[in-house]
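# Remarks on the overall topology
Single-letter residue listing:
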Amino acid sequence: MIEQQPKLIHAFGALAELGQEVANKNNFQETIRTSLHLVSGALGIMRGGVARYSRFGRELNMLAVRGLGDDFPLSLSLCMEDERQFLANGLNAIEVASARVLPFFQVYSVSIDAKGIELLVPLIIRDEIVGAMFLGEKATGEPYSTYEIEIICAMGRHVGVAIAQRNLMAEIERRAEENRKLFDDLRTTYHDTVKAFAAAIDCKDKYTEGHSVRVGKYSEIIANELDWTADQVEGAATAGYLHDVGKLTVERKIINAPYRINAKESAELNKHPAVGFEILQPIHHPFTDVPLAAKYHHERLDGRGYPDGLIDREIPYIAKLVNLADSFDAMTTDRPYKARRPAGDVIDDMRRNAGQQFAPELVVAFMRGMLRELAGDAKEKRFRRLLGREYMEAEGLTTTLRSALNELRPTSEMTRIDP
Amino acid sequence: MIRETSPETNDDATATAVITAGDYLNKLAGESIERLCREKLDSGVKRLVVDFSETEIINSIGVSILLDVIDSAKKHDAKVVFAELREDSRELFDMLGLTKHVTIV
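These figures come from a predicted structure and were not determined experimentally.

### With respect to the interface of chain A and chain B
With 22 residues of chain A in contact, the opposing surface of chain B contributes 21 residues. Sorting the residues of chain A by area buried against chain B places His10(A), His37(A) and Met46(A) first, and these three jointly supply 30% of that buried surface. Applying the counting criterion to the chain A and chain B interface returns four salt bridges. A salt bridge links Glu31(B) to Arg33(A), with the shortest nitrogen-to-oxygen separation between them at 2.4 Å. Counting across the chain A and chain B interface gives eleven residue pairs in polar contact (both at pLDDT 80 or more). Every element with two or more residues in the side of chain A that touches chain B is listed here: helix 1 (5-23) and helix 2 (28-43) of chain A. Among the elements that line the side of chain A that touches chain B, the one with the most residues is helix 2 of chain A, at nine residues. Grouping the amino acids of the side of chain A that touches chain B by side-chain chemistry returns eight nonpolar, eight polar and six charged.

### Focus on the layout of surface pockets
All names here are of chain A. Approximately 1,100 Å³ is the volume found for the largest pocket. Surrounding the largest pocket, 37 residues form its lining, His298, Tyr306, Ala330, Arg335 and Tyr337 being those nearest its centre. Counting only elements with at least two residues in the lining of the largest pocket, the list comes to helix 9 (252-255), helix 10 (263-269) and helix 13 (317-332). Top element by residues in the lining of the largest pocket is helix 13. It accounts for five residues. For the lining of the largest pocket, a count of residues per class yields 13 nonpolar, twelve polar and twelve charged. The wall of the second largest pocket is formed by 19 residues, among which Arg55, Glu128, Ala164, Asn167 and Leu168 lie closest to the centre. Broken down by secondary-structure element, the contributors of at least two residues to the lining of the second largest pocket are strand 1 (48-54), strand 6 (128-135) and helix 6 (146-204). In terms of residue count, the dominant contributor to the lining of the second largest pocket is helix 6 (eight residues). In the lining of the second largest pocket, the residues fall into nine nonpolar, four polar and six charged.

### Topic: the pairing of strand 2 (residues 59-66) of chain A
Residue and element names in this part refer to chain A. The sheet contact formed by strand 1 and strand 2 spans seven bridges and is antiparallel. By the bridge assignment, Gly49 is partnered in strand 2 with Val65. Counting the residues in the hairpin turn of strand 1 and strand 2 gives four residues, including Arg58, whose phi is positive at 50°. Two strands pair when backbone bridges link them, and strand 2 and strand 3 (residues 75-77) are joined in this way by three bridges, in the antiparallel orientation.

### Regarding the sheet that holds strand 4 (residues 94-95) of chain A
Judged by pairing direction, the sheet is antiparallel, and its six strands sit side by side in the order 3-2-1-6-5-4 (chain A) without closing on themselves. A single partner strand is all that each edge strand has here, and the edge strands are strand 3 and strand 4 of chain A.

### Concerning the domain arrangement of chain A
We note that the domain assignment places domain 1 (2-173) and domain 2 (205-407) within chain A. Its C-alpha centre places domain 1 of chain A at a distance of 69 Å from the equivalent point of domain 2 of chain A.

### Brief notes about the side chain of Asn323(A)
Within the fold, Asn323(A) resides in helix 13. In contact with Asn323(A), not counting residues within four places along its chain, are His297(A), His298(A), Glu299(A), Gln357(A) and Phe358(A).

### Thoughts on the packing of aromatic side chains
Aromatic rings considered in pairs are described by the distance between their centres and by the relative angle of their planes. Residue and element names in this part refer to chain A. Following the criterion strictly, the structure yields 16 aromatic pairs over all chains and no others. With a centroid separation of 5.9 Å and 75° between ring planes, the pair formed by Phe86 and Phe104 is classed as edge-to-face. With a gap of 18 residues between them, Phe86 in helix 3 (residues 80-89) and Phe104 in helix 4 (residues 103-107) connect regions that are remote in the sequence. Comparing Phe86 with Phe104, the two get one shared label, buried. With centroids separated by 5.2 Å and ring planes inclined at 55°, the aromatic side chains of Phe104 and Tyr108 adopt a geometry described as tilted. Of the two residues, Phe104 and Tyr108, both sit in the buried class.

### Section: unusual backbone geometry
Residues other than glycine predominantly adopt negative phi, and peptide bonds predominantly adopt the trans conformation. Here the residue pair Tyr306(A) and Pro307(A) is connected by a cis peptide bond, since its omega of 10° sits within 30 degrees of zero. For Pro307(A), the position within the fold is in the loop between helix 12 (290-296) and helix 13. Phi is positive for Asp227(A), which is not a glycine, with a value near 60°. Residue placement: Asp227(A) occurs in the loop between helix 7 (211-225) and helix 8 (230-242). For Asp227(A), a relative accessible area of 68% gives the class exposed. A positive phi angle, close to 55°, is found at Asp77(B), a residue other than glycine. Mapped onto the elements, Asp77(B) comes out in the loop between helix 2 (60-75) and strand 6 (79-83).

What counts, and where the lines are drawn
Residues numbered from 1 in each chain as written. Chains lettered and ligands numbered in written order. Predicted model: local features only at pLDDT ≥ 70, side-chain atom pairs only at ≥ 80, totals over all residues. Heavy atoms only, no water. Contact = heavy atoms within 4.5 Å. Buried area = accessible area lost by both parts, 1.4 Å probe. Salt bridge = Lys/Arg side-chain N within 4 Å of Asp/Glu carboxyl O. Polar contact = N/O pair within 3.5 Å; in protein donor to acceptor, adjacent residues only side chain to side chain. Helix = DSSP H or I, 4+ residues; strand = E, 2+ residues; numbered from the N terminus. Nonpolar A, V, L, I, M, F, W, Y, C, P; charged D, E, K, R; others polar. 1 Å grid on protein atoms, 1.4 Å probe; cavity = no way out; pocket = protein on both sides within 12 Å on 5 of 7 lines; lining within 4 Å. Points joined across faces, edges and corners; volume = space filled by probe spheres on them. Pairing = 2+ DSSP bridges. Domains from an automatic or database assignment. Phe/Tyr/Trp six-rings, centres within 6.5 Å; stacked < 30°, edge-to-face > 60°. Buried < 20%, exposed > 50% of the residue type's maximum accessible area, 1.4 Å probe, protein only.

Listed below in structure tokens is the structure:
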């Protein structure tokens, strides 16, 4: 043993480096290639390879090879008997010369003999084959000694751990990808459901057909102008789509009344925000404020809104946003008792009501979005699609918008900016 | 102080290439040497001289790469010569069997 001491010291140095290499979590292929070098260099092994085992294909697929040439198979199949024997063998090296009886060594005897493979080390981690090391003759030409085989097996455990870790990571990545796809599917289903609801709400009111969809789109425009995150913008659009869901319970004749409704009818109609909240509250929305937008989208900063007459800071921000989108659509579409108002009038109305009905910074964001589109700075012509080209090209609209924007100063004292 | 140096080559008309290993023969230096050796073998060099005069430390990866160089040389019917080996490096190569495959000068 004393004369073997330098050899042991050299081998333990390699073992330490191997442990470090595996723990470093470098590029997996590079780790395996380096591991093969370390095993080979530790004992002066002329050639060899490291393979990963695929349980499903029952195949050993080469990850790194040294000196095996192009004719050595890159993928080697195992039969059930081979697998059973390898597992029974545990993490011990199999000397090829004494294992010829196994089907694996019979099938691949030509390649194995041609390359002088002397040892096969099954890499077994938690009772599973994760791979194997193929090792050729030593440079000394001597047979492997017992302690050398022990060193090889110790190094094999490290290589096995590296492969098992990689397998685990691949499995985690696969499941994460699967979850992401499931989440995307769920999100698509949610969006489709929201749009279907919006269409159902709009069907009830023949005069304001498409109102919920438009409010959803205006809400999205405002949220975008406020530089909200993609999720927040989506939440704002959803709140817009569903803000009138409570109208599903209001009698059609009240909604479609071709006259100004009376007090009793008005009281009935005014229940829709609270009813909407009741409908939306039990649903687990990805965006928490959706039911609140339905409940409070008729509140005003000055407290003259309904159902609760809340004032500014008491009103959820998303409800203020939907309120603006809702009011804008009400003013810019024909109603049974009233034709839509000219664009300039609507802008003027919004300017005058900023700070009373509407949050000023929301009005600014909305007008800014409109102005950007008129100036040709917007990617999409969304206002034009929603309002019609002629409406958007009304004479003096750009001047009116500029003038309103110059006049409006967001009163941060009055309103809460954060969504 | 250990430093890594790029291997150098000096070719002559007798198809011999001299490659100087750096002071630390590890993965990085070993791969450079291997690449250079392969280039020389592919270009018809029949005698590869690896000069270890500057080499103080050789790790397991370095050894493995030198074995690859020896293997490549055999396939090209070329000889490998290890020159200016330090005593401890020579002992290491003796112990691992590399000296059976190369000429030591």
